[in-house]
Amino acid sequence: MNLLCVDDEPLILEDLVSVCREIDSVCSVESFTKVSDAINFVKDGANEIDVAILDIDMPEMNGLDLAKKLKEIRPRIEIIFLSGFSEFAVDAFKVRASGYLLKPVNKESLEEELTVIAKHENFGVFVRTFGNFDLIVNGKNVNFKWSKSKELFAYLVDRRGASVSRKELAAVIFMDKEYTRSNQVYITRIVQNLEETLSEYGVEKIFVRGENSYSVDVTKFNCDVYDYLDGDESAKMKFNGEYLSQYSWAEGKAEMLSSFS
């Protein structure tokens with residue numbers, strides 16, 4: 001989990017960063033005493049921030065207004081507010097804050113807030129579609145033993161939760177070849193291989209299989225193209241015109257995404 005900490009008091013900010021780095025789920029911590037520097041950092045498409053921890057009472061811009069700015073840039077960013085007073089709590093949750101902590105912050109209370117956020121947002125599971133396709137679990141690329149199982153999963157991600165029949169999958173995987181009995185059997189084996197691979201990495205719940213339907217549960221992972229379509233400015237900056245580059249069936253979608261920007 002990547003954190004952004006903003007507080008105009010340097011010593012308090014230093015203590016906050018120190019507490020953040022004690023938490024195992026935290027991968028990186030960036031800190032700023034100036035609101036403008038924090039905004040510019042988040043605007044940079046190369047910087048991934050999952051959670052912003054903001055002091056509410058700051059002279060340049062209060063934390064409530066800063067939170068609104070950050071969510072305009074990156075709608076999926078989670079916010080935790082800090083204050084020396086509980087009177088701001090009601091206003092904090094009006095901007096859809098995930099948490100509210102009183103200063104001084106201790107490891108236990110912050111870790112509890114981050115754990116709740118992590119469970120809700122699945123920060124450990126990310127699907128990359130810009131460029132070549134990859135599923136990343138806890139910072140590591142999933143090794144798909146079969147290229148066809150990876151392609152099948154990519155197609156389901158592209159469908160964003162919509163159900164797909166076996167016949168439709170066969171048309172994509174086998175490039176519109178005749179829907180034969182042998183192809184049906186092969187699709188079944190590909191699906192089984194996909195399930196085995198996802199299970200190895202502990203993310204089997206991403207894949208949903210019905211009687212003759214297949215889909216992904218979009219609540220179980222984060223995805224760059226979903227963020228892009230939802231208006232995330234950071235995702236827009238990362239899109240360079242390439243989408244699922246290794247799959248010919250995605251060429252039309254790449255053109256659509258380019259026009260969308």
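Here the residue numbering is sequential within each chain, running from 1 through the sequence in written order. For a predicted model such as this one, the threshold for reporting local features is a pLDDT of at least 70, and the threshold for listing and counting side-chain atom pairs is 80 or more; totals across whole chains, interfaces and linings nevertheless cover every residue. Excluded from the side-chain calculation are hydrogens and water; included are all heavy atoms of the structure.

Okay, the pairing of strand β4 (residues 78-83) next. Throughout, exposure labels follow a simple rule: accessible area from a 1.4 Å probe, protein chains only, divided by the maximum for the residue type, with under 20% read as buried, over 50% as exposed, and the rest as partly exposed. Secondary structure elements follow DSSP: runs of H or I of four or more residues count as helices, runs of E of two or more count as strands, with numbering from the N terminus. Counting buried residues in β4 gives 6 out of 6 residues, a clear majority hidden from the surface. A two-sided burial pattern is seen for β4, the buried positions comprising E78, I80 and L82 on one face and I79, F81 and S83 on the other. For two strands to be treated as a pair, DSSP must find no fewer than two bridges joining them. Two strands pair when backbone bridges link them, and strand β3 (residues 51-55) and β4 are joined in this way by 5 bridges, in the parallel orientation. Its bridge partner being in β4, D55 is matched across the sheet by L82.

Aromatic pairs are defined between Phe, Tyr and Trp rings, using the six-membered ring for Trp, whenever the two ring centres lie within 6.5 Å; interplanar angles under 30 degrees are classed as stacked, those over 60 as edge-to-face, and all others as tilted. Applying the stated rule across the entire model yields 12 aromatic pairs. Measuring from ring centre to ring centre gives 5.8 Å for F130 and Y228, while their planes differ by 85°; the resulting arrangement is edge-to-face. Separated by 98 residues along the polypeptide, F130 in the loop between β6 (125-128) and β7 (134-137) and Y228 in helix α9 (residues 224-229) bring together distant segments of the chain. A relative accessible area of 0% means that Y228 is categorised as buried. Ring plane angle 50° and centroid distance 6.4 Å describe the contact between W146 and Y186, whose orientation is recorded as tilted. Within this pair, whereas W146 is found in the loop between β8 (140-141) and α6 (147-158), its partner Y186 is found in helix α8 (residues 181-200), the two being separated by 40 residues in sequence. Taking relative accessible area as the criterion, Y186 reaches 30% and is therefore assigned partly exposed. Through pairs of rings, three or more aromatic residues link up here, namely F130, Y228 and F239. For a Lys NZ or an Arg CZ to count as sitting over a ring, it must be within 6 Å of the ring centre and within 35 degrees of the ring normal. When the ring centre of Y226 is taken as reference, the NZ or CZ atom of R160 above it lies at 4.5 Å.

Here we come to the packing of helix α7 (residues 166-173) against α8. Geometrically, a packed helix pair is captured by the angle between its two axes and the distance between the axes. Angles shown run from 0 to 180 degrees and are taken between the N-to-C directions of axes, each axis being a line fitted to C-alpha atoms and, for helices, limited to the stretch in contact. Contact geometry of α7 with α8 gives a least axis separation of 10 Å together with a crossing angle of 90°. Between α7 and α8, the interaxial angle falls into the category roughly perpendicular. On α8, the residues that touch R166, L169, A170 and I173 of α7 are Q184, I187, T188 and I190. Gly is put with the polar residues, along with every residue not named as nonpolar or charged; the nonpolar set is Ala, Val, Leu, Ile, Met, Phe, Trp, Tyr, Cys and Pro, and the charged set is Asp, Glu, Lys and Arg. In the contact of α7 with α8, the residues fall into 5 nonpolar, 2 polar and 1 charged. The labels follow the angle: roughly parallel below 35 degrees, roughly antiparallel above 145, roughly perpendicular from 65 to 115, and oblique for the rest. Every residue pair with non-hydrogen atoms within 4.5 Å of one another is taken to be in contact.

Right, let's talk about the sheet that holds β6 for a bit. A sheet is described by the order of its strands in space; here 4 strands give the open sequence β8-β7-β6-β11, paired in mixed fashion. The strands lining the two open edges of the sheet, one partner per strand, are β8 and β11 (222-223). Inspection of the sheet shows β6 paired to β11 by 2 bridges, in the parallel sense. Residue pairing across strands places V127 opposite C223, the latter belonging to β11.

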